[in-house]
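Understanding the architecture of this molecule
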Amino acid sequence: MIKRILTGDRPTGPLHLGHYVGSLQNRVRLQHEYDTYVLIADVQALTDNFEHPEKLGDNIFQVALDYLAVGLDPEKVKIVVQSMVPELAELTIYFMNLVTVATLERNPTVKEEIKQRNFVKGVPVGFWSYPISQAADITIFKADLVPVGEDQLPMIEQAREIVRRFNRLYDKVLVEPRAMLGAVARLPGTDGGAKMSKSLGNCIYLGDSAEQVRKRVMSMFTDPTRIHPTDPGHVEGNPVFTYHDVFNPNKDEVEELKERYRKGTVGDVEVKQKLFAALDAFLAPIRERRAEFAAKPKHVHEIIMEGTRKGRALAHQTMAEARTAMKIAYKFE
Ligand code: ATP
Ligand code: MG
């Protein structure tokens with residue numbers, strides 16, 4: 001049987017370079033080999049944006065545009081809106097019985113994200129327990145493979161534990177998913193922070209104009225120990241060079257820049273200008289395709305609705321099997 005991919009993104013803003021190298025690139029590469037479902041996780045986005053639900057609609061559209069812009073083929077890939085598949089909420093409720101409070105409290109990603117988010121009125125139960133709903137997202141589609149960035153590994157592990165527990169307790173209905181990391185497991189932010197992240201505002205977005213990309217590159221964090229262009233600089237841990245390594249196909253140029261940077265014979269401005277040129281060459285065709293789809297919003301809406309319809313049909317089927325396995329598919333006549 002053809003294997004299945006499920007992965008997704010929170011519609012908390014448009015997608016950025018981190019998404020590309022962490023996950024999108026693998027989806028584009030594998031979309032013809034795998035039956036691919038991509039979930040726009042608006043329910044999960046609400047867990048920390050519940051005070052601003054009005055943002056979601058446009059963000060869903062923007063994320064869909066990014067998918068199409070990087071080359072996800074709407075004939076192949078099903079783009080599914082999470083809140084339009086109520087079976088996901090149902091499976092989440094049953095999964096809640098299979099996870100202990102202590103396990104959730106240990107989840108390193110959730111711990112880290114709670115620290116970043118500064119919830120003033122305490123951590124919402126929805127946010128704290130999102131690994132459970134994410135396990136439902138993955139397993140309702142019976143995904144074999146989940147292309148994700150490194151921050152998501154604890155989520156996949158949690159999903160695997162739930163699947164083992166469910167299959168052992170009830171019946172072997174669910175599939176144990178496997179994570180697949182991208183070419184770069186965790187792209188740092190333009191501020192030098194460990195992760196480029198929509199919620200941290202340290203991103204270069206796939207849809208940014210050339211001017212925006214130039215501005216973001218020219219104001220990037222580099223080597224804080226370097227005051228003058230003649231000071232010997234540090235390449236390791238310097239996000240400008242990390243991006244050069246990932247996005248500049250001219251490896252000779254990158255090596256030469258590194259050498260000159262270490263010796264103090266090149267300024268940050270030149271290194272950044274060359275990075276901008278490389279990034280712009282990478283982003284220009286994506287930007288162009290994005291604009292083409294953005295000009296046809298009705299077409300994009302249809303793609304989303306069709307993907308969601310197919311996703312829901314599959315979810316409905318898995319849910320029926322799960323209910324039977326749990327012996328709650330009552331037949332009162
Ligand atoms: P938010 O800040 O709202 O959580 P995000 O930027 O972390 O947004 P998500 O929608 O949470 O984006 O992540 C979607 C996918 O992209 C996940 O698989 C995640 O691991 C991956 N991803 C996100 N940021 C990066 C990054 N900087 N490097 C590699 N992969 C990333
Ligand atoms: Mg995230």
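All values derive from a computational prediction rather than experimental measurement.

1. What about the overall build of the protein chain?
Of regular secondary structure, the protein chain possesses 14 helices and five strands. Computed over C-alpha atoms, the radius of gyration of the protein chain comes to 22 Å, within 12% of the 20 Å expected from 2.2 N^0.38 for 333 residues, which places it in the range of a compact globule. Summarising its shape, the C-alpha atoms of the protein chain cover approximately 85 × 45 × 40 Å along the three principal directions. A total of 333 residues make up the protein chain; the buried ones form 51% of that total. In the structure as shown, the protein chain presents an accessible area of about 15900 Å², 55% of it carried by carbon and sulfur atoms. Across the protein chain, the 45 positively charged side chains and the 45 negatively charged ones have centroids separated by 3 Å.

2. Overview of the pairing of strand 1 (residues 4-9)
Of all six residues in strand 1, five are buried, a share of seventy percent or more. Here strand 1 pairs with strand 2 (residues 35-40) via six bridges, running parallel. Directly across from G8, in strand 2, lies its bridge partner L39. Taken together, strand 1, helix 1 (residues 17-30) and strand 2 form a β-α-β motif whose crossover is right-handed.

3. Observations regarding the site of ligand 1
Taken together, 22 residues surround ligand 1, and among them T12, D151, K195, S197 and S199 come closest. The separation between a nitrogen atom of ligand 1 and a polar main-chain atom of L187 is 2.8 Å. Within the side chain of K198, an N or O atom sits 2.9 Å from an oxygen atom of ligand 1. Burial of ligand 1 by the protein amounts to 98% of the accessible area it has alone, namely 600 Å².

4. Things to note about the nonpolar core
Counting residues in each nonpolar core, the largest one holds 48 residues, and the members touching the most others are L17, Y67, I204 and L206. It is helix 3 (residues 56-70) that provides the largest number of residues to this core, a total of nine residues. The residue makeup of this core includes at least three contributed by each of domain 1 (4-188 + 297-326) and domain 2 (207-290). Setting aside its immediate chain neighbours within four residues, L206 contacts L15, H16, L17, Y20, L24, D66, V70, L283 and I286.

5. Observations concerning the side chain of T47
Within the element layout of this structure, T47 appears in the loop between helix 2 (42-46) and helix 3. Take T47: its relative accessible area is 13%, and that puts it in the buried class. A polar atom in the side chain of T47 sits 2.5 Å from the backbone oxygen of Q44. Setting aside residues up to four positions removed in sequence, T47 forms contacts with R10, F119, P124, G126 and F127.

6. With respect to the packing of aromatic side chains
The description of an aromatic ring pair rests on the distance of the ring centres and on the angle between the ring planes. Within the structure shown, the criterion is met by ten aromatic pairs. Ring centres of Y20 and F282 lie 5.0 Å apart, and the angle between their planes is 75°; this geometry places the pair in the edge-to-face category. Taken together, the positions of Y20 in helix 1 and F282 in helix 13 (residues 268-294) put the pair 262 residues apart, joining distant regions of the chain. When the ring of Y243 is compared with that of F247, the centres are 6.4 Å apart and the planes differ by 90°; the resulting orientation is edge-to-face.

7. A few points about the pairing of strand 4 (residues 145-148)
Side chains L145 and P147 of strand 4 all project onto a buried face; the interleaved residues V146 and V148 project onto the opposite face, where all are buried too. Once you follow strand 4 into helix 9 (residues 153-169) and on to strand 5 (residues 178-181), the crossover reads as right-handed.

8. Digging into the domain arrangement of the protein chain
Partitioning the protein chain into structural domains gives domain 1 (4-188 + 297-326) and domain 2 (207-290). Relative placement of domain 1 and domain 2: their C-alpha centres are 33 Å apart. Contact residues are listed per partner, giving 14 residues for domain 1 and eleven residues for domain 2. With both chains or domains summed, domain 1 and domain 2 bury close to 1000 Å², and 69% of this area falls on carbon and sulfur atoms. Ranking the residues of domain 1 by area buried against domain 2 places L17, A69 and P188 at the top, with a combined share of 47%. Seen at the junction of domain 1 and domain 2, the total is one salt bridge.

9. Overview of unusual backbone geometry
Of note in this structure, N118 is not a glycine but carries a positive phi near 55°. The exposure class assigned to N118 is exposed, which follows from its relative accessible area of 59%. Backbone geometry places K327, a non-glycine residue, at a positive phi of 60°. Checked against the element boundaries, K327 lands in the segment after helix 14 (297-325). For K327, a relative accessible area of 67% gives the class exposed.

Cut-offs applied
- Residues numbered from 1 in each chain as written.
- Chains lettered and ligands numbered in written order.
- Predicted model: local features only at pLDDT ≥ 70, side-chain atom pairs only at ≥ 80, totals over all residues.
- Heavy atoms only, no water.
- Helix = DSSP H or I, 4+ residues; strand = E, 2+ residues; numbered from the N terminus.
- Rg over C-alpha atoms; globule rule 2.2 N^0.38 Å.
- Buried < 20%, exposed > 50% of the residue type's maximum accessible area, 1.4 Å probe, protein only.
- Areas by Shrake-Rupley, 256 points an atom, 1.4 Å probe, with all protein chains shown as cover.
- Lys, Arg positive; Asp, Glu negative; His and termini not counted.
- Charge placed at Lys NZ, Arg CZ, Asp CG, Glu CD.
- Pairing = 2+ DSSP bridges.
- Right-handed = clockwise from strand over helix to strand, strands pointing away.
- Near = heavy atom within 4 Å.
- Polar contact = N/O pair within 3.5 Å; in protein donor to acceptor, adjacent residues only side chain to side chain.
- Core = buried A, V, L, I, M, F, W, Y, C linked by side-chain atoms within 4.5 Å.
- Domains from an automatic or database assignment.
- Contact = heavy atoms within 4.5 Å.
- Phe/Tyr/Trp six-rings, centres within 6.5 Å; stacked < 30°, edge-to-face > 60°.
- Buried area = accessible area lost by both parts, 1.4 Å probe.
- Salt bridge = Lys/Arg side-chain N within 4 Å of Asp/Glu carboxyl O.

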